[in-house]
Number of protein chains: 2
Amino acid sequence: MSMSHACDHDHDHAHHLDSGRIAARLSEAQRLCEAQGERMTAPRLRTLELILGENAPVKAYDVIDRFHPDGAAKPPTVYRALAFLEQMGLIHRIESLNAFVACQGHADGQVVQPHAAAFLLCDCCGSSEEVAVSLPEIDQQAAASGFETRRVTLEARGLCKACR
Amino acid sequence: MSMSHACDHDHDHAHHLDSGRIAARLSEAQRLCEAQGERMTAPRLRTLELILGENAPVKAYDVIDRFHPDGAAKPPTVYRALAFLEQMGLIHRIESLNAFVACQGHADGQVVQPHAAAFLLCDCCGSSEEVAVSLPEIDQQAAASGFETRRVTLEARGLCKACR
DNA sequence: GGCAATGTGTTATGTAATAACATAATTGCT
DNA sequence: AGCAATTATGTTATTACATAACACATTGCC
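One numbering rule holds for all chains: residues counted from 1, following each sequence as written. Chain letters start at A and ligand numbers start at 1, both assigned in the order the entries are written. Note on the predicted model: pLDDT of at least 70 is required for a residue's local features to be given, and 80 or more for side-chain atom pairs to be given and counted; whole-chain, interface and lining totals, by contrast, use all residues.

S.K.: What is the right way to look at the relation of the copies chain B and chain A in this model?
M.R.: Related by rotation about an axis and a shift along that axis, the two copies of the chain form a pair. Overlaid copies result from least-squares superposition on C-alpha atoms, with residues included only where pLDDT is at least 70 in both. Superposing chain B onto chain A takes a rotation of 180° combined with a translation of 0.0 Å along the rotation axis, leaving an RMSD of 0.0 Å. As the rotation angle and translation indicate, the two copies are arranged about a two-fold axis. Taking C-alpha positions as the reference, the residue of chain B nearest the rotation axis is Leu154(B), at 2.3 Å. Interface overlap between copies is the fraction of interface residues in one copy that are interface residues in the other; for chain B against chain A it reaches 100%, indicating a shared surface. Working definition of a contact: two residues with C-beta atoms, positioned from the backbone, lying within 7 Å.

In structure tokens:
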């Protein structure tokens with residue numbers, strides 16, 4: 001956690017996942033990688049584990065600091081794992097926070113096509129909610145300009161229900 | 001300019017503004033600030049000038065390096081000016097590039113309400129096109145979650161017409 | 001003039017990310 | 001199994017991005 005508090009209420013609503021659910025998500029991720037001929041190695045798994053542990057976006061250096069029980073990892077180890085996990089669609093980078101959050105498309109047995117995800121990011125408690133949206137207006141404007149879209153970043157900053 | 005070229009064609013289509021147009025935009029910005037009881041000071045004006053000089057997002061340290069004819073500015077000077085200009089709606093921060101681009105709402109006599117701007121960002125030539133969009137789906141999802149949106153970042157990365 | 005508010009200059013530091021190169025593990029081939 | 005090619009990791013160093021803190025200057029207002 002690392003949020004600047006502009007409020008006095010507690011933030012317990014920003015839950016952690018319990019270890020059982022984390023384990024389930026990790027083995028599901030493992031399976032998904034193998035299905036695509038990619039290797040889910042130890043540092044990748046550890047990085048994903050640390051990100052799944054929060055339901056708020058996690059900073060790269062928080063992962064680095066917590067990576068080993070007895071000391072920090074080297075930055076490239078973690079940045080490489082983050083790049084891999086993002087390519088696999090297991091995590092998303094939150095540009096406006098320089099942080100990473102687990103993709104919710106893989107939670108609770110959901111199966112979601114590769115999607116342009118949008119995020120509702122609470123400035124108070126730091127929580128993140130992923131929502132799937134289509135963007136007809138952007139597609140239309142892009143088409144009108146002859147622009148070929150490869151990927152879209154869509155992040156709404158504000159206050160979540162619990163923090164309003 | 002600071003774009004990684006994945007192509008061999010030229011990028012002349014990423015025009016610079018001529019000095020006459022820049023001057024017009026600067027005095028328009030000056031007027032706009034005064035109308036709101038804010039001061040358009042020398043470092044703010046210089047920062048805006050350097051950003052208007054490109055039609056692609058400009059890095060903070062590019063502004064810093066070019067600030068004085070004979071040497072760099074100190075980072076806080078420029079970062080403070082950038083924060084001010086963004087608050088005034090004269091520039092936008094592009095999160096996915098860590099860069100800043102002039103707001104097109106003030107170009108060519110346009111008068112635009114404060115808007116959630118979206119950007120079409122070319123990965124090849126670095127050019128930026130600002131488009132105004134409404135986001136009914138996001139508004140809807142936010143409302144459904146009880147989320148109060150304060151501001152939205154919407155950035156499409158891809159290839160512009162000239163670079164496809 | 002004198003005070004409060006706002007803006008700037010300056011030093012130092014904090015935070016985020018990658019380059020480059022050496023070593024190790026895995027895969028596929030014969 | 002032996003070997004080469006590929007992929008991944010370890011490690012050191014450096015680069016890029018951004019702000020804290022405090023001193024000084026300028027402006028607006030009474």
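S.K.: Quick question: what am I supposed to make of the protein's contact with DNA strand D here?
M.R.: Defining nearness, a residue is near a molecule or strand when the C-beta atom obtained from its backbone falls within 6 Å of it. Near DNA strand D there are 17 residues, and of these Thr41(A), Lys74(A), Pro76(A), Pro75(B) and Tyr79(B) occur at the shortest range. At the level of secondary structure, the elements contributing two or more residues to the surface near DNA strand D comprise helix H2 (42-52) and helix H4 (75-87) of chain A together with helix H3 (60-66) and helix H4 (75-87) of chain B. A run of H or I in DSSP becomes a helix once it reaches four residues, and a run of E becomes a strand once it reaches two; helices and strands are each numbered from the N terminus. Residue contributions to the surface near DNA strand D peak at four residues, all from H4(A). Its residues assigned to classes, the surface near DNA strand D shows eight nonpolar, three polar and six charged. Under the grouping applied here, Gly and all other residues not named as nonpolar or charged are polar, the nonpolar ones being Ala, Val, Leu, Ile, Met, Phe, Trp, Tyr, Cys and Pro and the charged ones Asp, Glu, Lys and Arg.

S.K.: Would you explain the packing of helix H1 (residues 19-35) of chain B against helix H2 (residues 42-52) of chain B in this entry?
M.R.: Axis angle and axis distance: for two packed helices, these are the angle between their axes and the distance between the axes, and together they describe the pair. Residue and element names in this part refer to chain B. Fitting a line to C-alpha atoms yields each axis, with helices limited to the stretch in contact; the angle taken between N-to-C directions then spans 0 to 180 degrees. Closest axis-to-axis distance for the H1/H2 pair is 10 Å, and the angle between their directions is 140°. Compared by their axis directions, H1 and H2 come out oblique. Relative to H2, the crossing made by H1 is right-handed. Note on element contacts: H2 touches H1 through Leu-45, Leu-48, Glu-49 and Leu-52, opposite Ile-22, Arg-25, Leu-26 and Ala-29. Each angle gets one of four labels, with under 35 degrees taken as roughly parallel, over 145 as roughly antiparallel, 65 to 115 as roughly perpendicular, and the rest as oblique. Should the near helix be turned counterclockwise from the far one by less than a right angle, the crossing is left-handed, whereas a clockwise turn marks it as right-handed.

S.K.: When you look at the confidence of the model for chain A in this model, what are you seeing that I'm missing?
M.R.: In low-pLDDT regions, the fine details of the predicted coordinates are not to be read closely. All names here are of chain A. As a per-residue measure, pLDDT tells how confident the predictor is, with possible values from 0 to 100. Residues at a pLDDT of 70 or more form 90% of chain A, whose mean pLDDT is 90. Residue range residues 1-5 is modelled with pLDDT below 50. Its contacts to residues more than four positions away, or to other chains, number five contacts. In the model output, the complex is listed with pTM 0.92 alongside ipTM 0.92.

S.K.: Explain the protein's contact with DNA strand C to me, please; I cannot follow it from the model alone.
M.R.: With respect to spatial proximity, 17 residues lie near DNA strand C, and among them Pro75(A), Asn98(A), Thr41(B), Lys74(B) and Pro76(B) are the closest. Where the surface near DNA strand C is concerned, the elements lending two or more residues are helix H3 (60-66) and H4 of chain A together with H2 and H4 of chain B. Here the surface near DNA strand C gets four residues from one element, more than from any other, and that element is H4(B). When its residues are assigned to classes, the surface near DNA strand C shows eight nonpolar, three polar and six charged.

S.K.: What exactly am I supposed to notice about the pairing of strand E3 (residues 117-122) of chain A here?
M.R.: Here is the key point about a regular strand: its side chains alternate between the two faces of the sheet. Residues and elements named next belong to chain A. Partly exposed residues are those whose C-beta has more than 12 but fewer than 20 other C-beta atoms within 10 Å; with 20 or more the residue is buried, with 12 or fewer it is exposed, and the C-beta atoms are placed from the backbone. Burial analysis of E3 places six of its six residues in the buried class, the great majority of the element. Neither face of E3 is exposed, since Ala-117, Phe-119 and Leu-121 on one face and Ala-118, Leu-120 and Cys-122 on the opposite face are all buried. Pairing between two strands requires that DSSP report at least two bridges joining them. Summarising the sheet, E3 and strand E4 (residues 128-132) pair through five bridges and their orientation is antiparallel. From the neighbouring strand, Ala-117 faces E4, where its bridge partner is Ala-132.

S.K.: What should I look at first to understand the interface of chain B and chain A in this one?
M.R.: Between chain B and chain A, the residue contacts involve 30 residues of the former and 30 residues of the latter. For the side of chain B that touches chain A, the elements supplying multiple residues, two or more each, are strand E3 (117-122), strand E4 (128-132), helix H5 (136-145) and strand E5 (148-159) of chain B. Among the elements that make up the side of chain B that touches chain A, the one with the highest residue count is E5(B) (twelve residues). Among the residues forming the side of chain B that touches chain A, the class breakdown is twelve nonpolar, eight polar and ten charged. Bridge analysis of strand E5 (residues 148-159) of chain A against E5(B) gives eleven bridges, and the strand direction is antiparallel.

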